[in-house]
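Structural characterization, general
Each chain is listed here by its residues.
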Amino acid sequence: MNARTGDGLGARPEGEARKVLLVTVHPDPRSLTSSLAAFAAGHLRAAGHEVTVSDLYAMKWKAAVDADDFPGLAGDERLAVMAESGRATVAGTLTADVAAEQEKVRWADAVVVQFPVWWFGPPAILKGWFDRVFTAGFAYGPGLLPYSGGDSALAGRRALLSVTAGARATAFSDRGIHGSLADVLHPLQHGLFAFTGMEPLDPFAVYHANELPEERFEAAKTAYAARLDGLFTDAPVPYRTLTGGDYDHDMRLLPGVEEPGVSSLDLHVRARG
(Lines give C-alpha, C1' and ligand atoms only; values in the text may rest on other atoms or scores of the structure.)
Protein backbone atom coordinates (compact mmCIF):
# COMPACT_ATOMS: atom_id res chain seq x y z
CA MET A 1 0.00 0.00 0.00
CA ASN A 2 1.18 3.48 -0.78
CA ALA A 3 2.43 5.15 2.39
CA ARG A 4 -0.02 8.00 1.92
CA THR A 5 -3.07 5.74 2.01
CA GLY A 6 -2.13 4.26 5.36
CA ASP A 7 -2.84 7.44 7.31
CA GLY A 8 -6.58 7.00 7.06
CA LEU A 9 -7.36 10.28 5.32
CA GLY A 10 -10.78 9.14 4.28
CA ALA A 11 -11.62 7.92 7.77
CA ARG A 12 -10.83 11.09 9.71
CA PRO A 13 -13.66 12.62 11.75
CA GLU A 14 -15.80 15.02 9.75
CA GLY A 15 -14.74 18.60 10.33
CA GLU A 16 -11.17 17.76 11.32
CA ALA A 17 -8.64 20.32 10.10
CA ARG A 18 -6.76 19.37 6.95
CA LYS A 19 -3.92 20.77 4.86
CA VAL A 20 -4.78 22.38 1.52
CA LEU A 21 -2.48 23.53 -1.26
CA LEU A 22 -4.14 26.28 -3.30
CA VAL A 23 -2.54 26.87 -6.70
CA THR A 24 -3.75 30.09 -8.32
CA VAL A 25 -3.02 31.27 -11.83
CA HIS A 26 -3.63 34.75 -13.24
CA PRO A 27 -1.26 37.59 -14.21
CA ASP A 28 -3.43 40.28 -12.56
CA PRO A 29 -4.02 40.17 -8.78
CA ARG A 30 -7.22 42.19 -9.36
CA SER A 31 -8.73 39.48 -11.58
CA LEU A 32 -11.77 37.34 -10.88
CA THR A 33 -9.47 34.33 -10.61
CA SER A 34 -7.37 36.05 -7.95
CA SER A 35 -10.48 37.17 -6.08
CA LEU A 36 -11.87 33.64 -6.04
CA ALA A 37 -8.52 32.27 -4.89
CA ALA A 38 -8.38 34.77 -2.03
CA PHE A 39 -11.96 33.87 -1.09
CA ALA A 40 -11.13 30.17 -1.12
CA ALA A 41 -8.07 30.62 1.07
CA GLY A 42 -10.03 32.71 3.57
CA HIS A 43 -12.99 30.33 3.63
CA LEU A 44 -10.83 27.26 4.17
CA ARG A 45 -8.83 28.95 6.91
CA ALA A 46 -12.02 30.10 8.62
CA ALA A 47 -13.09 26.46 8.65
CA GLY A 48 -9.90 25.59 10.52
CA HIS A 49 -7.86 24.19 7.64
CA GLU A 50 -4.21 25.04 7.03
CA VAL A 51 -3.70 26.60 3.60
CA THR A 52 -0.55 27.11 1.56
CA VAL A 53 -0.82 29.21 -1.60
CA SER A 54 1.28 28.90 -4.74
CA ASP A 55 0.56 31.98 -6.87
CA LEU A 56 2.42 30.99 -10.03
CA TYR A 57 2.57 34.44 -11.64
CA ALA A 58 3.67 36.10 -8.42
CA MET A 59 6.32 33.40 -8.08
CA LYS A 60 7.41 34.00 -11.69
CA TRP A 61 7.18 30.27 -12.18
CA LYS A 62 9.31 28.87 -15.01
CA ALA A 63 6.92 26.99 -17.27
CA ALA A 64 9.14 25.19 -19.78
CA VAL A 65 10.85 21.89 -19.06
CA ASP A 66 14.41 22.02 -20.39
CA ALA A 67 17.94 20.92 -19.58
CA ASP A 68 18.23 23.62 -16.89
CA ASP A 69 15.83 21.53 -14.78
CA PHE A 70 18.46 18.79 -14.48
CA PRO A 71 21.79 20.14 -13.22
CA GLY A 72 23.28 16.64 -13.26
CA LEU A 73 22.78 16.22 -17.00
CA ALA A 74 26.03 16.17 -18.95
CA GLY A 75 26.30 18.89 -21.56
CA ASP A 76 26.48 16.47 -24.49
CA GLU A 77 23.89 14.04 -23.12
CA ARG A 78 20.52 13.63 -24.83
CA LEU A 79 17.66 14.88 -22.66
CA ALA A 80 15.10 12.09 -22.24
CA VAL A 81 12.72 14.02 -19.99
CA MET A 82 10.86 11.17 -18.32
CA ALA A 83 14.00 9.14 -17.59
CA GLU A 84 16.02 12.15 -16.45
CA SER A 85 13.25 13.49 -14.22
CA GLY A 86 13.03 10.08 -12.58
CA ARG A 87 16.77 9.96 -11.95
CA ALA A 88 16.82 13.51 -10.58
CA THR A 89 13.83 12.85 -8.34
CA VAL A 90 15.37 9.73 -6.80
CA ALA A 91 18.80 11.38 -6.50
CA GLY A 92 17.39 14.54 -4.93
CA THR A 93 18.90 16.77 -7.61
CA LEU A 94 15.76 18.49 -8.88
CA THR A 95 15.93 22.28 -8.97
CA ALA A 96 14.93 24.05 -5.76
CA ASP A 97 11.70 25.47 -7.16
CA VAL A 98 10.43 22.06 -8.29
CA ALA A 99 11.50 20.35 -5.07
CA ALA A 100 9.67 23.00 -3.03
CA GLU A 101 6.41 22.50 -4.94
CA GLN A 102 6.67 18.73 -4.59
CA GLU A 103 6.98 19.15 -0.85
CA LYS A 104 3.80 21.22 -0.85
CA VAL A 105 1.96 18.46 -2.72
CA ARG A 106 3.30 15.82 -0.30
CA TRP A 107 2.20 17.98 2.64
CA ALA A 108 -1.30 18.55 1.32
CA ASP A 109 -4.42 16.51 1.96
CA ALA A 110 -6.07 18.33 -0.95
CA VAL A 111 -4.99 20.45 -3.91
CA VAL A 112 -7.31 23.20 -5.16
CA VAL A 113 -6.35 24.73 -8.51
CA GLN A 114 -7.88 28.08 -9.49
CA PHE A 115 -7.45 29.18 -13.11
CA PRO A 116 -9.14 30.70 -16.15
CA VAL A 117 -9.85 28.41 -19.09
CA TRP A 118 -7.79 29.76 -21.98
CA TRP A 119 -8.19 28.08 -25.37
CA PHE A 120 -9.92 25.12 -23.74
CA GLY A 121 -7.14 24.36 -21.33
CA PRO A 122 -5.06 25.74 -18.48
CA PRO A 123 -2.79 28.75 -18.96
CA ALA A 124 0.69 27.75 -20.12
CA ILE A 125 2.26 28.61 -16.78
CA LEU A 126 -0.05 26.12 -15.02
CA LYS A 127 0.60 23.42 -17.60
CA GLY A 128 4.27 24.05 -16.94
CA TRP A 129 3.71 23.61 -13.19
CA PHE A 130 2.19 20.20 -13.86
CA ASP A 131 4.95 19.32 -16.36
CA ARG A 132 7.79 20.22 -14.03
CA VAL A 133 6.39 19.22 -10.62
CA PHE A 134 4.70 15.89 -11.41
CA THR A 135 7.94 14.10 -12.25
CA ALA A 136 8.66 10.42 -12.71
CA GLY A 137 9.49 8.93 -9.34
CA PHE A 138 7.20 11.46 -7.65
CA ALA A 139 3.83 11.27 -9.42
CA TYR A 140 4.31 8.02 -11.33
CA GLY A 141 6.96 5.46 -12.05
CA PRO A 142 8.17 1.90 -11.45
CA GLY A 143 6.04 0.07 -8.91
CA LEU A 144 3.38 2.79 -9.00
CA LEU A 145 0.62 1.69 -11.33
CA PRO A 146 -1.37 4.47 -13.01
CA TYR A 147 -5.11 4.61 -12.48
CA SER A 148 -4.86 2.18 -9.58
CA GLY A 149 -6.18 4.26 -6.69
CA GLY A 150 -4.50 3.30 -3.44
CA ASP A 151 -1.36 1.93 -5.06
CA SER A 152 -0.71 5.07 -7.07
CA ALA A 153 1.90 7.67 -6.20
CA LEU A 154 -0.29 10.44 -4.79
CA ALA A 155 -3.14 8.39 -3.40
CA GLY A 156 -5.21 9.84 -0.57
CA ARG A 157 -5.25 13.43 -1.78
CA ARG A 158 -8.36 15.24 -2.99
CA ALA A 159 -8.22 17.52 -6.05
CA LEU A 160 -10.61 20.32 -7.01
CA LEU A 161 -10.38 22.37 -10.20
CA SER A 162 -12.06 25.77 -9.89
CA VAL A 163 -12.24 27.52 -13.23
CA THR A 164 -13.59 30.66 -14.83
CA ALA A 165 -14.77 30.73 -18.44
CA GLY A 166 -15.91 33.56 -20.67
CA ALA A 167 -18.59 31.48 -22.39
CA ARG A 168 -22.04 30.86 -20.95
CA ALA A 169 -22.75 27.58 -19.16
CA THR A 170 -24.91 26.24 -21.99
CA ALA A 171 -21.92 26.38 -24.35
CA PHE A 172 -20.22 23.82 -22.10
CA SER A 173 -23.22 21.50 -21.85
CA ASP A 174 -23.49 18.03 -23.38
CA ARG A 175 -24.84 19.52 -26.65
CA GLY A 176 -23.06 22.85 -26.29
CA ILE A 177 -20.66 24.03 -28.96
CA HIS A 178 -17.63 23.68 -26.66
CA GLY A 179 -18.51 20.21 -25.37
CA SER A 180 -19.09 19.37 -21.74
CA LEU A 181 -16.78 20.92 -19.17
CA ALA A 182 -15.94 17.41 -17.96
CA ASP A 183 -14.60 16.60 -21.43
CA VAL A 184 -12.65 19.86 -21.68
CA LEU A 185 -10.98 19.20 -18.31
CA HIS A 186 -10.54 15.45 -18.86
CA PRO A 187 -6.76 15.73 -19.48
CA LEU A 188 -6.32 17.12 -15.96
CA GLN A 189 -9.10 15.29 -14.13
CA HIS A 190 -8.38 11.85 -15.57
CA GLY A 191 -4.99 12.16 -17.27
CA LEU A 192 -3.23 13.77 -14.30
CA PHE A 193 -5.21 13.45 -11.05
CA ALA A 194 -6.74 10.00 -11.52
CA PHE A 195 -3.55 8.76 -13.20
CA THR A 196 -1.51 9.60 -10.10
CA GLY A 197 -4.10 8.26 -7.64
CA MET A 198 -5.55 11.57 -6.51
CA GLU A 199 -9.32 11.81 -6.07
CA PRO A 200 -10.71 14.54 -8.36
CA LEU A 201 -14.04 16.10 -7.47
CA ASP A 202 -16.41 17.46 -10.09
CA PRO A 203 -15.01 20.84 -11.13
CA PHE A 204 -16.44 24.13 -9.95
CA ALA A 205 -16.99 26.76 -12.63
CA VAL A 206 -18.00 30.39 -12.95
CA TYR A 207 -19.26 31.02 -16.47
CA HIS A 208 -19.80 34.24 -18.45
CA ALA A 209 -16.90 35.51 -16.40
CA ASN A 210 -15.78 38.43 -18.55
CA GLU A 211 -18.70 40.48 -17.28
CA LEU A 212 -19.64 39.49 -13.74
CA PRO A 213 -21.82 41.98 -11.85
CA GLU A 214 -21.56 42.13 -8.07
CA GLU A 215 -24.70 40.08 -7.45
CA ARG A 216 -23.41 37.22 -9.60
CA PHE A 217 -20.03 37.39 -7.87
CA GLU A 218 -21.75 37.05 -4.50
CA ALA A 219 -23.75 34.10 -5.81
CA ALA A 220 -20.55 32.54 -7.15
CA LYS A 221 -18.88 32.85 -3.74
CA THR A 222 -21.85 31.22 -2.05
CA ALA A 223 -21.74 28.30 -4.49
CA TYR A 224 -17.95 28.04 -4.18
CA ALA A 225 -18.18 27.99 -0.39
CA ALA A 226 -20.51 25.00 -0.57
CA ARG A 227 -18.04 23.13 -2.78
CA LEU A 228 -15.13 23.97 -0.50
CA ASP A 229 -17.14 22.76 2.49
CA GLY A 230 -17.43 19.41 0.71
CA LEU A 231 -13.76 19.17 -0.23
CA PHE A 232 -13.23 16.16 2.03
CA THR A 233 -16.76 14.75 2.11
CA ASP A 234 -18.17 14.99 -1.42
CA ALA A 235 -17.84 11.86 -3.52
CA PRO A 236 -15.05 12.10 -6.11
CA VAL A 237 -15.60 11.39 -9.79
CA PRO A 238 -15.81 7.56 -9.91
CA TYR A 239 -13.22 6.95 -12.60
CA ARG A 240 -12.55 3.31 -13.39
CA THR A 241 -9.22 1.85 -12.27
CA LEU A 242 -6.88 -0.41 -14.19
CA THR A 243 -7.01 -2.86 -11.32
CA GLY A 244 -10.80 -2.98 -11.09
CA GLY A 245 -11.37 -5.54 -13.82
CA ASP A 246 -12.86 -3.17 -16.40
CA TYR A 247 -9.91 -3.07 -18.82
CA ASP A 248 -8.02 -5.68 -20.81
CA HIS A 249 -4.24 -6.08 -20.96
CA ASP A 250 -4.04 -3.40 -23.64
CA MET A 251 -5.87 -0.87 -21.41
CA ARG A 252 -9.04 -1.03 -23.51
CA LEU A 253 -12.41 -1.07 -21.79
CA LEU A 254 -13.96 -4.52 -21.91
CA PRO A 255 -17.12 -4.83 -24.03
CA GLY A 256 -20.39 -4.41 -22.20
CA VAL A 257 -18.94 -2.89 -19.04
CA GLU A 258 -20.53 0.50 -19.65
CA GLU A 259 -24.13 1.45 -19.03
CA PRO A 260 -26.41 1.53 -22.11
CA GLY A 261 -26.04 4.73 -24.11
CA VAL A 262 -22.73 5.78 -22.55
CA SER A 263 -20.00 6.79 -25.01
CA SER A 264 -16.85 8.82 -25.51
CA LEU A 265 -14.94 9.89 -22.38
CA ASP A 266 -17.87 8.99 -20.14
CA LEU A 267 -16.97 5.34 -20.76
CA HIS A 268 -14.21 5.71 -18.18
CA VAL A 269 -16.53 6.81 -15.38
CA ARG A 270 -18.44 4.20 -13.40
CA ALA A 271 -22.15 4.66 -12.91
CA ARG A 272 -22.85 7.00 -10.03
CA GLY A 273 -24.96 5.51 -7.29
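Described below are features of the structure shown in this document.

So, how was this worked out
Residues numbered from 1 in each chain as written. Predicted model: local features only at pLDDT ≥ 70, side-chain atom pairs only at ≥ 80, totals over all residues. Heavy atoms only, no water. Salt bridge = Lys/Arg side-chain N within 4 Å of Asp/Glu carboxyl O. Buried < 20%, exposed > 50% of the residue type's maximum accessible area, 1.4 Å probe, protein only. Helix = DSSP H or I, 4+ residues; strand = E, 2+ residues; numbered from the N terminus. Phe/Tyr/Trp six-rings, centres within 6.5 Å; stacked < 30°, edge-to-face > 60°. Axes fitted to C-alpha atoms, helices over the stretch in contact; angles between N-to-C directions. Parallel < 35°, antiparallel > 145°, perpendicular 65-115°, else oblique. Contact = heavy atoms within 4.5 Å. Nonpolar A, V, L, I, M, F, W, Y, C, P; charged D, E, K, R; others polar. Pairing = 2+ DSSP bridges. Right-handed = clockwise from strand over helix to strand, strands pointing away. Expected span 1.5 Å × (residues − 1).

Regarding the pattern of salt bridges
One pass over the full model with this rule turns up 14 salt bridges. For Asp66, the salt bridge goes to Lys62, with nearest N and O atoms at 3.1 Å. You can call Asp66 partly exposed: its relative accessible area is 26%. The salt bridge partner of Arg132 is Asp97, with a shortest N-O separation of 3.0 Å. Here Asp97 lies in helix α3 (residues 96-107) and Arg132 lies in helix α4 (residues 124-133), a separation of 35 residues in the sequence. Taking relative accessible area as the criterion, Arg132 reaches 4% and is therefore assigned buried. Through salt bridges with shared partners, one network takes in Lys62, Asp66, Asp69, Asp97 and Arg132.

Some thoughts on the packing of aromatic side chains
Within the structure shown, the criterion is met by ten aromatic pairs. Ring plane angle 65 degrees and centroid distance 5.4 Å describe the contact between Trp129 and Phe130, whose orientation is recorded as edge-to-face. For Phe130, a relative accessible area of 4% gives the class buried. Summarising the aromatic geometry, the rings of Tyr140 and Phe195 are spaced 6.3 Å apart at their centres and angled 75 degrees between planes, so their arrangement reads as edge-to-face. In this pair, Tyr140 is assigned in the loop between α4 and β4 (158-164) and Phe195 in the loop between α6 (186-194) and β5 (199-200), connecting sequence segments 55 residues apart. Given the relative accessible area of 24%, Tyr140 is considered partly exposed.

Here we look at the packing of α3 against α4
For the pair α3 and α4, the least separation of the axes is 10 Å and the interaxial angle reads 90 degrees. One finds that α3 runs roughly perpendicular with respect to α4. From α3, Asp97, Val98, Glu101, Gln102 and Val105 reach across to α4, where they touch Trp129, Arg132 and Val133. A breakdown of the residues in the contact of α3 with α4 according to their chemical character gives four nonpolar, one polar and three charged.

A closer look at the pairing of strand β1 (residues 19-24)
For a regular strand, side chains alternate in direction, first toward one face of the sheet and then toward the other. Buried residues dominate β1, accounting for five of its six residues. Of the strand pairs in this sheet, β1 and strand β2 (residues 50-55) are connected by six bridges, and their pairing is parallel. In the strand pairing of β2, Val23 is matched with Ser54. A crossover links β1 with its parallel partner β2, the connecting element being helix α1 (residues 32-46), and its sense is right-handed. Strand direction decides the pairing type here: β1 and strand β3 (residues 110-116), joined by five bridges, are parallel. Bridged to Val20 within β3 is Ala110.

Considerations on the environment of Pro203
Relative to the helices and strands, Pro203 is located in the loop between β5 and β6 (204-206). Distance in space between the C-alpha atoms of Pro203 and Ala167 is 16 Å, their sequence separation being 36 residues. Excluding residues within four positions of it along the chain, Pro203 makes contact with Leu160, Leu161, Leu181, Leu185, Gln189 and Arg227.

Some points on helix α7 (residues 214-229)
The end-to-end C-alpha separation of α7 is 23 Å, in line with the 22 Å expected for 16 residues at 1.5 Å each. The inward-facing, buried residues of α7 abut α1, β3, β4 and β6.

Side note on unusual backbone geometry
One non-glycine residue, Tyr147, adopts positive backbone phi at about 50 degrees. Examined against the element boundaries, Tyr147 turns out to sit in the loop between α4 and β4. The exposure class of Tyr147 is buried, given its relative accessible area of 18%. Its identity as a non-glycine residue notwithstanding, His208 has a phi of 50 degrees, on the positive side. In this fold, His208 is placed in the loop between β6 and α7. You can call His208 partly exposed: its relative accessible area is 36%.

With respect to the pairing of β3
Counting buried residues along β3, seven of its seven residues qualify, which places the element largely inside the surrounding structure. Burial along β3 is two-sided: Ala110, Val112, Gln114 and Pro116 and Val111, Val113 and Phe115, pointing in opposite directions, are all buried. The pairing of β3 with β4 spans seven bridges and is parallel. By the bridge assignment for β4, Val112 is matched with Leu160. A crossover connection joins β3 to the parallel β4 through α4; in handedness this β-α-β unit is right-handed.

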